[in-house]
Amino acid sequence: MELSSTLCRVQEAYQQDRAAKAVLENVRTVAGKAAKAWGLEALAAERREARRERTRVIAEMAALQKHRFPEEEDRLFSENPDRGFGNT
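None of the values given here were measured: they were computed from a predicted structure.

Rules behind the numbers
- Residues numbered from 1 in each chain as written.
- Predicted model: local features only at pLDDT ≥ 70, side-chain atom pairs only at ≥ 80, totals over all residues.
- Heavy atoms only, no water.
- Helix = DSSP H or I, 4+ residues; strand = E, 2+ residues; numbered from the N terminus.
- Areas by Shrake-Rupley, 256 points an atom, 1.4 Å probe, with all protein chains shown as cover.
- Salt bridge = Lys/Arg side-chain N within 4 Å of Asp/Glu carboxyl O.

(A) Spatial organisation of the overall build of the protein chain. The helix and strand inventory of the protein chain stands at three helices and zero strands. Helices and strands in the protein chain line up, N terminus first, as α-α-α. Accessible area for the protein chain stands at about 7,400 Å²; split by element, carbon and sulfur atoms hold 57% of it.

Put into structure tokens, the structure is as follows:
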């Protein structure tokens, strides 16, 4: 299961808060390490989400380029392909 960057940032903030408010040194240490780990996971999730968005945009652009409009299709099936078209 892939974690979202939002969830990771929330967990990072929670662990930072826990580390700041902890009375015991070992709790502060563990919470600080957990916050750092959540921060690294958030960076990875942000990169992954950005890559997915770029891929989606590129796929949409490719789909639009493949789509032919009716007048273009009519020109492809011209009886006189060596001659120009009257409405250009």
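Having seen it, we continue.
(B) Up close: the pattern of salt bridges. By the definition in use, this model includes eight salt bridges. With its nearest N and O atoms 3.4 Å apart, the salt bridge here joins Asp17 to Lys21. With Asp17 and Lys21 both in helix α1 (residues 5-21), this residue pair falls four residues apart, about one helical turn. Through salt bridges with shared partners, a single ionic network connects Glu2, Arg48 and Arg52.

Note that every value here comes from positions in space, so none of it alone points to a role or purpose.
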